[in-house]
Protein chains: 2
Amino acid sequence: MHTELHTDLKKFDRVVYIVSDGTGITAEKFSTSLLAQFDITYHIIRIPFIDNMEKANNLIDKINCINHHNKPILFTTLVNQQVSNIVHKANAFIVDLFQAFVQPLEQELCLKSSHAINRSHQIGNIEVYEKRIEAINFSLGHDDGQSHANLAQADIILVGVSRSGKTPTSLYLAMQHGLKAANYPLIPEDFARLELPSILLKYTNKLFGLTIEPNRLSDIRHERKPNSIYASLQNCRYEVLEAEKLMRRHNIECLSTTHKSIEEIATTILQIIYI
Amino acid sequence: MHTELHTDLKKFDRVVYIVSDGTGITAEKFSTSLLAQFDITYHIIRIPFIDNMEKANNLIDKINCINHHNKPILFTTLVNQQVSNIVHKANAFIVDLFQAFVQPLEQELCLKSSHAINRSHQIGNIEVYEKRIEAINFSLGHDDGQSHANLAQADIILVGVSRSGKTPTSLYLAMQHGLKAANYPLIPEDFARLELPSILLKYTNKLFGLTIEPNRLSDIRHERKPNSIYASLQNCRYEVLEAEKLMRRHNIECLSTTHKSIEEIATTILQIIYI
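These numbers were taken from a predicted model, which means no experiment stands behind them. (Residues numbered from 1 in each chain as written. Chains lettered and ligands numbered in written order. Predicted model: local features only at pLDDT ≥ 70, side-chain atom pairs only at ≥ 80, totals over all residues. Heavy atoms only, no water.)

Visitor: Summarise the environment of serine 162 of chain A; cite the residues concerned and give the values.
Guide: All names here are of chain A. Counting through the fold element by element, serine 162 comes out in the loop between strand 5 (156-160) and helix 7 (166-177). The spacing of serine 162 and tyrosine 184 is 22 residues in sequence and 9.1 Å in space, taken between C-alpha atoms. Within polar-contact distance, the side chain of serine 162 engages the side chain of tyrosine 230 at 2.5 Å. (Helix = DSSP H or I, 4+ residues; strand = E, 2+ residues; numbered from the N terminus. Polar contact = N/O pair within 3.5 Å; in protein donor to acceptor, adjacent residues only side chain to side chain.)

Written out as structure tokens, the structure reads:
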């Protein structure tokens, strides 16, 4: 909670505190979505692990000492009532993200809420967590076609030309969804042979294609290898065209990554493969 | 939205729909935190990209056709009023995650909300997004000490014994926070020399240590190499002890990963390095 030392808070319309008993990651993302509806500038300070009264008191002392030029906004997801009561003493506009929903849910479910500390980013179920770590290691070991071993264990194998987004997407699928996501490049040799890399022919049911607009691909490749044939628009057009042909021939579902973030690509893939 | 075909929904107390105009990733995590307060079993069906009235109508037709044995719960973050109105016709207990906060925020900020589609997981600022992709590639290229090139560009270099959690943490820091996170193993040769790998001596200000309880480390290593000296408790005790000694000698901040998830490790690191 020392970010304010390095940042000129007066440059922003509002300072936004995210106070959580866990990591505050979800609360921060949620608050950011809400604030995106408003045309203001803001600086976020995420304050995690506020899980007892002492930490809460220290925090409020600090926040209330800062000379904010506009009232800060404080988002909180604290479930312990005593800790929450302390945080509500902040000189801030307080948005309690949980309180609004707990009571209606209690009524609908005919249950009392446990007020247990938010467990969403704790290890939780150790087996699920270990599966996730295993998936990350698998995806890392099967990045860019670097290993053929255990490809049969892959949940999904992404294919596409170099720099079409395969690597970050594989890692995201592993990290967030626990999927063993391998990826395999389609390269000029494959286009000359008019065929997929032979190792992949056994696994066509696991393949998912990523494609990209040649202009965008050329820009990305120029960043890496400026003025190379590899990055030239002509070559990018050729590679993308041939890769898409190969995918069509094998009925491989394919998605354009040009205007999509990793999260959007991953979400779209999951939507398609789970249908 | 066909998950229900593969899953016996009757096994769960409730079916939970997450309906979003974006990916629904944040809405799902937030809803899961809320539901964690209640002792019920549930099955989540995330329905992303509901960004027009036609999609909303189709969705509601589908949901309302399903024979739920208990009223489903439907969490939504739709900002378009017309789309939202349609989704509110679902035969479900509806929790509108945005509506509760938009009006109070409008009042506090003296602004109208834009009702623009949630942009939290879109590419948004292209420079920030490209920095994130670059960070992922950097972290991948600097995993497990595999490259010394450009180590000067690293934002952080994680050090620790093999299997202490360096790889998933580096990738998470890159993917979620856009940090160029390298990692470098501390190995028996370093302990014999009683010194850090020489390449790291230039960068001690960027080093952050991960450690782990020897028992847990031994379990993790046995999964990889059963009954090896590498995995033996005695060797794990030795390596952890020596690694911690080295870190202390160079005043390297150090964190135990034993009971922490990747998100908790990353959050704690950010807390420490930004102080």
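So, next bit.
Visitor: If you had to explain the packing of helix 7 (residues 166-177) of chain B against helix 11 (residues 262-273) of chain B to someone new, which residues and values would you point to?
Guide: Residues and elements named next belong to chain B. Where helix 7 contacts helix 11, the axes come no closer than 9 Å and their chain directions differ by 70°. Here helix 7 is positioned roughly perpendicular relative to helix 11, judged by the angle of their axes. Taken together, the residues of helix 11 that come into contact with helix 7 (itself represented by Pro168, Thr169, Tyr172, Leu173 and His177) are Ile262, Glu263, Ile265, Ala266, Ile269 and Leu270. Class assignment for the residues of the contact of helix 7 with helix 11 results in eight nonpolar, two polar and one charged. (Axes fitted to C-alpha atoms, helices over the stretch in contact; angles between N-to-C directions. Parallel < 35°, antiparallel > 145°, perpendicular 65-115°, else oblique. Contact = heavy atoms within 4.5 Å. Nonpolar A, V, L, I, M, F, W, Y, C, P; charged D, E, K, R; others polar.)

Visitor: Describe the relation of the copies chain A and chain B, with residues and values.
Guide: In screw terms, the move from chain A to chain B is a rotation of 180° and a rise of 0.0 Å along the axis, fitting with an RMSD of 0.0 Å. Considering both components of the superposition, the chain copies are consistent with a two-fold axis. Scanning chain A for the C-alpha nearest the rotation axis identifies threonine 26 of chain A, at a separation of 3.2 Å. Of all interface residues in chain A, 100% are interface residues in chain B too; the two copies therefore contact each other through one and the same surface. (Least-squares fit on C-alpha atoms with pLDDT ≥ 70 in both.)

Visitor: For helix 10 (residues 233-249) of chain A, give the residues involved together with the corresponding values.
Guide: Residues and elements named next belong to chain A. Over its 17 residues, helix 10 runs 24 Å from end to end, which matches the ideal 24 Å to within 8%, given 1.5 Å per residue. All buried positions along helix 10 are accounted for by Asn235, Cys236, Glu239, Val240, Glu242, Ala243, Leu246 and Met247. Where helix 10 is buried, its residues meet strand 5, helix 8 (188-193), strand 7 (207-211), helix 9 (214-224) and strand 8 (254-256). (Expected span 1.5 Å × (residues − 1). Buried < 20%, exposed > 50% of the residue type's maximum accessible area, 1.4 Å probe, protein only.)

Visitor: Provide a residue-level description of the pairing of strand 4 (residues 93-96) of chain A, including the pertinent values.
Guide: Residues and elements named next belong to chain A. Taken together, the four bridges between strand 3 (residues 73-76) and strand 4 define a ladder with parallel strand orientation. Counted as the bridge partner of leucine 74 is isoleucine 94 from strand 4. Since strand 3 and strand 4 lie parallel, the crossover through helix 4 (residues 81-87) that links them has a hand, and here it is right-handed. (Pairing = 2+ DSSP bridges. Right-handed = clockwise from strand over helix to strand, strands pointing away.)

Visitor: Got a sec to walk through the sheet that holds strand 5 of chain A? Specific residues and values, please.
Guide: Residue and element names in this part refer to chain A. In space, the four strands of this open sheet follow the order 6-5-7-8, with parallel pairing throughout. Every other strand in the sheet has two partners, leaving strand 6 (181-185) and strand 8 as the edge strands with one partner each. Across this sheet, the average inter-strand angle for adjacent strands is 25°, counted without regard to direction. Along the sheet, helix 7 contacts strand 5, strand 6 and strand 7; its crossing angle with strand 6, the most-contacted strand, is approximately 170°.

Visitor: Pulling in residues and values, what's your account of the interface of chain A and chain B?
Guide: Contacts between the two partners involve 79 residues from chain A, matched on the other side by 79 residues from chain B. For the chain A and chain B pair, buried surface summed over both sides reaches about 7000 Å², with 67% attributable to carbon and sulfur atoms. Summed over the three residues of chain A that lose the most area to chain B, namely Gln37, Phe38 and Phe101 of chain A, the buried surface amounts to 10% of that side. For the pair chain A and chain B, the number of links is six salt bridges. In this structure, the salt-bridge partner of arginine 216 of chain B is glutamate 130 of chain A, at a minimum N-O distance of 2.9 Å. Scanning the region where chain A abuts chain B turns up 14 residue pairs in polar contact (both at pLDDT 80 or more). (Buried area = accessible area lost by both parts, 1.4 Å probe. Salt bridge = Lys/Arg side-chain N within 4 Å of Asp/Glu carboxyl O.)

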